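# Close look at the chain arrangement
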Amino acid sequence: MAEHEMLVLGLSHIEEDVYRHLLRNPGIEVEDIHVLLRHEAGPTGRSVQRLRELKIIQEIDGTVRACEPELVVARLAEQRLEKLYDDIRSLTHLRPLMDSLGREVPDPEPSADHRPVERITGLDAIRTRLDELAFFARDEVLAAEPYDALTPENIENSRPLDLRCLRRGVSCRSLIRRTALEDGPTRSYLMELTAAGAQIRVLETLDELMLVYDRRTALVPLDPGNTSKGALCSTEEGIVTTVANNFERLWAGADDLTALLGRHSGSISGSGLTEIQGKVLRLMCTVGKDEIGAREAGIALRTYRRHISDLMQLLGAENRAHAALLARERDWV
């Protein structure tokens, strides 16, 4: 018996066995099918009925025939995908459920222990709270982050949180220091976020770390001079509003990332790449030697290779061949 490959399409082992049997034995008479399959009243009988309902088999002139495999697989795949899309849509609209469950919980009695501002210490505890806040964000995330460069670990931890919010349609706005653009991996990651829908602006000077989620929760460092000491997390309306207003003040005076890169490197394409990056990407896919590619791009060999490194980081590619394949899949070349 062949491996049961149709489980992914929603068919049980028995249903697949029945379908394969009918493919091998077309034109079985209706009264003989259960005798041949040996289990008229058992699971096989129920499977035959379900295959009829799914329009995978059909009765013609007193005989049972299996429908064409291409038609069956396409129909089952469409049904399966529609079910998955329904599940995904349900899982991205959980706020009514959370509100409904929350109404079942009695309001807590006021106590001396209630603190509108929570103190969080330890990197693991802070990352856990950021995970929770990002997961439950539904409308907007504001972030001012005064780093000069992101480590590979920073990027690895941030990517799933940021992209998950953007896929759900959450508005993500970030402020960064201009010096962060001098680091290749950091610049590539910021471009990746921009291509995914994030809005990023740049300030010459940025010393304040602040995060605001849905205008309901604000997170700031315990010690602005040493963010490793911990963070303060507050849902107090006055504190959240003050932090959000401070962010908006800084946002209004900042430069748009894509416009800034465009002034320095040419216009930004629909892919989020600068003009020179698009040229380097095309040359990387068509020219064998870096020396030739750099000469045709009109840039130094070292700069050419740095652009290739940035592009591979942006695409998430393991090597140049993989990068070329991913670029073609995204219609960037």
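Structure report, in brief. (Residues numbered from 1 in each chain as written. Predicted model: local features only at pLDDT ≥ 70, side-chain atom pairs only at ≥ 80, totals over all residues. Heavy atoms only, no water.)

A separate point is a nonpolar patch on the surface. Taken together, the side chains of L81, L84, Y85 and I88 define a hydrophobic patch exposed on the protein surface, amounting to about 370 Å² of accessible area. With respect to the helices and strands, the residue I88 is situated in helix α4 (residues 69-91). (Patch = residues over 30% accessible without salt bridge, like charges linked within 9 Å, V, L, I, M, F, W, Y side chains within 5 Å. Areas by Shrake-Rupley, 256 points an atom, 1.4 Å probe, with all protein chains shown as cover. Salt bridge = Lys/Arg side-chain N within 4 Å of Asp/Glu carboxyl O. Helix = DSSP H or I, 4+ residues; strand = E, 2+ residues; numbered from the N terminus.)

Another aspect to go through is the nonpolar core. If you look at the biggest cluster of nonpolar residues, it comprises 32 residues, and the most contacted ones within it are V141, I176, L181, L190, L193 and I200. Setting aside residues no more than four positions away along its own chain, I176 makes contact with E145, Y147, L181, L190, I200, R201, V202, L203 and L206. Counting residues in each nonpolar core, the second largest holds 22 residues, with L311, M312, L314 and L315 among its members. (Core = buried A, V, L, I, M, F, W, Y, C linked by side-chain atoms within 4.5 Å. Buried < 20%, exposed > 50% of the residue type's maximum accessible area, 1.4 Å probe, protein only. Contact = heavy atoms within 4.5 Å.)

This part takes up helix α1 (residues 13-24). For α1, built from 12 residues, the straight-helix expectation of 16 Å at 1.5 Å per residue is met to within 8% by its first-to-last C-alpha distance of 17 Å. Listing the buried residues of α1 in full gives E15, E16, V18, Y19, H21 and L22. (Expected span 1.5 Å × (residues − 1).)

Its place among the elements puts Q58 in strand β2 (residues 57-60). Not counting residues within four places of it along the chain, the set of residues in contact with Q58 comprises T63, V64, R65 and C67.

Where strand β6 (residues 171-177) meets strand β7 (residues 199-203), five bridges bridge the pair, whose relative direction is parallel. By the bridge assignment for β7, R173 is matched with Q199. As for the winding sense of the linkage, the β-α-β connection from β6 through helix α8 (residues 184-195) to β7 is right-handed. As defined by bridge partners, β7 adjoins strand β11 (residues 255-256) across two bridges and the pair is classed as antiparallel. Residue pairing across strands places R201 opposite D256, the latter belonging to β11. (Pairing = 2+ DSSP bridges. Right-handed = clockwise from strand over helix to strand, strands pointing away.)

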